[in-house]
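The primary structure of each chain is shown beneath.
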Amino acid sequence: MNLTLRQLQVFDAVARHLSFTRAAEELYLTQPAVSMQVKQLEGAVGLPLFEQLGKKIHLTEAGQAMHRCSRTIAEQLREAQQLIEELKGIEGGRLRITVATTVNYFATRLLSAFCHRYPGVRVSLDVTNREHLLRRLDANETDIALMGQPPADLDVVAEPFMENPLVVIAAPDHALSRERRIPLKRLQQETFLMRERGSGTRMAMERFLAEHGITPSSSIEMTSNEAIKQSVEAGLGLGIVSAHTLELELEVGRLKVLDVESFPIMRRWYVVYRKGKRLSAAAQAFKDFVLKEAHQC
Ligand code: PGA
């Protein structure tokens, strides 16, 4: 069979997601480029690998067989890479880090300090929300992840390294911004700007509000902390965000943290990797660095 590793990699992504669009997003390719690679692979194999039933695509029998092979090949390539990284040691090693969107507010400072200490390490940083981050961990596509609540349904090692308080923010001229000890029930009448589904902040916020029997009168969904902060500042409603996203806005007085009873919601940040994963020297050094130095960044 005359096929290429690239074709297998693209096929593997489509087979995992059962979606050309999601595979294209993951690989930073266009959808026609993904379709083209799959077509070429089908040409090499001589059989169709996917079939469309209604709106969904499915693996054919040949597709299922190829998927078993592509998973094994991807795993072996990762192992080969791991061995090479170990031989290279810290300097000259490669490090794949995935961080939750909210972590990125301090991850870049952390990374900058790490790269100054170990200038030879080649780092790739992927910033994404909790749900995507979990997928990358599951597919063994990242060495280390920095995130909130570690997943219960995935075998991981998770070590806490910093507190992560979630606070309620408002525009400085909001009626509540001068009040003290605001009762939780009072939030019920407010519009809330909340992160998208799949965000760890959103998950924690929903759990907290449900536990306290609070249902905000209305809510608007946004896919970034920046969009939430700007909309709160513009008077669109209240937001619940990690205090780590706020430094600048509080300093210049563009936002206020409200004094609401039972707040902040206390969470923690964790450094996480798959159980059983052999960390490269560079990954081990980064993990130790985070545990020791993160609180100073
Ligand atoms: P996120 O942050 O909301 O950007 O996904 C992760 C988390 O708080 O768990």
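Our structure is the block above this text.
This write-up is about the structure you can find in this document. Since the model is a prediction, treat every value here as computed from it, not as a measurement. Along each chain, residues carry numbers from 1 onward, in the same order as the chain's sequence is written. Owing to the predicted nature of the model, reporting of local features is limited to residues with pLDDT of at least 70; listing and counting of side-chain atom pairs is limited to 80 or more, with chain, interface and lining totals taken over all residues. The basis for every side-chain value is the complete set of non-hydrogen atoms in the structure, without hydrogens or water.

### Some remarks on the overall build of the protein chain
Thinking step 1. Each helix is a run of DSSP H or I of at least 4 residues and each strand a run of E of at least 2, with the numbering of both proceeding from the N terminus. Of regular secondary structure, the protein chain possesses ten helices and eleven strands.
Thinking step 2. Once the C-alpha set of the protein chain is aligned to its principal axes, its extents read approximately 70 × 50 × 30 Å.
Thinking step 3. Whether two residues are in contact is decided by their heavy atoms, any of which lying within 4.5 Å being enough. Look at the contacts in the protein chain between residues 6 or more apart in sequence, and 76% of them connect residues 24 or more apart.
Thinking step 4. Here the protein chain has roughly 15100 Å² of accessible surface; of this, 52% comes from carbon and sulfur atoms.
Thinking step 5. A positive count includes Lys and Arg, and a negative count includes Asp and Glu. His and the chain ends are not counted in either. A charged residue contributes its charge at one atom only: NZ of Lys, CZ of Arg, CG of Asp or CD of Glu. Between the mean site of the 38 positive side-chain charges and the mean site of the 36 negative ones, the protein chain shows a separation of 1 Å. A 1.4 Å probe and the Shrake-Rupley method give the accessible areas. Residues count as covered only by the protein chains that appear here.

### Notes on the site of the ligand
Thinking step 1. When we say a residue is near a molecule or strand, we mean one of its heavy atoms is within 4 Å of it. Near the ligand you find Ala100, Thr101, Thr102, Asn129, Arg130, Gly148, Arg195, Ser199, Gly200, Thr201, Arg267 and Trp269, and these make up its full shell.
Thinking step 2. A distance of 3.1 Å separates an oxygen atom of the ligand from a polar atom in the side chain of Arg195.
Thinking step 3. Within 3.5 Å is the distance limit for a polar contact, defined as a pair of N or O atoms, with the added protein rule that one can donate a hydrogen and the other accept it, and that residues adjacent in sequence qualify only through two side-chain atoms. Side-chain polar atom of Arg267 to an oxygen atom of the ligand: 2.7 Å apart, as the coordinates give it.
Thinking step 4. In the complex, the protein chains occlude 100% of the 280 Å² of accessible area that the ligand would expose alone.
Thinking step 5. Counting only elements with at least two residues in the shell around the ligand, the list comes to α7 (200-211) and β11 (265-274).
Thinking step 6. Ten residues, namely Ala, Val, Leu, Ile, Met, Phe, Trp, Tyr, Cys and Pro, are considered nonpolar, four, namely Asp, Glu, Lys and Arg, are considered charged, and the remaining ones, Gly among them, are considered polar. Split by residue class, the shell around the ligand holds two nonpolar, seven polar and three charged.

### Regarding the nonpolar core
Thinking step 1. Core analysis: the largest hydrophobic core is formed by 35 residues, its most contacted members being Leu146, Phe161 and Phe286.
Thinking step 2. Among the secondary structure elements, those contributing two or more residues to this core are β3 (94-100), α5 (104-117), α6 (130-138), β5 (144-147), β6 (156-170), β11 and α10 (281-293).
Thinking step 3. Sort the elements by how many residues they give to this core and α10 lands first, with six residues.
Thinking step 4. By nonpolar core we mean a set of buried residues, namely Ala, Val, Leu, Ile, Met, Phe, Trp, Tyr and Cys, connected to one another through side-chain atoms within 4.5 Å. Any residue under 20% of the maximum accessible area for its type is buried, any over 50% is exposed, and the rest in between are partly exposed; the area is computed with a 1.4 Å probe on protein chains only. Within the second largest apolar cluster, 20 residues are counted, among which are Leu187, Phe192, Met194 and Ala204.

### Remarks on the packing of helix α1 (residues 5-17) against helix α2 (residues 20-27)
Thinking step 1. Axes here refer to lines fitted to C-alpha atoms; in helices the fit is confined to the stretch in contact. Angles between the N-to-C directions go from 0 to 180 degrees. At a minimum axis distance of 8 Å, the contact between α1 and α2 shows a crossing angle of 125°. When the axis of α1 is compared with that of α2, the two are oblique. In this structure, α1 crosses over α2, and the sense of that crossing is right-handed. Contact with α1, carried on its side by Gln9, Val10, Ala13, Val14, Arg16 and His17, involves Phe20, Arg22, Ala23, Glu26 and Leu27 of α2 and no other residues of that element.
Thinking step 2. When its residues are assigned to classes, the contact of α1 with α2 shows six nonpolar, two polar and three charged. Here is the rule for angles: anything less than 35 degrees is roughly parallel, anything more than 145 is roughly antiparallel, 65 through 115 is roughly perpendicular, and the remaining ranges are oblique. In this scheme the crossing of two helices becomes right-handed for a clockwise turn of the near helix relative to the far one and left-handed for an anticlockwise turn of less than a right angle.

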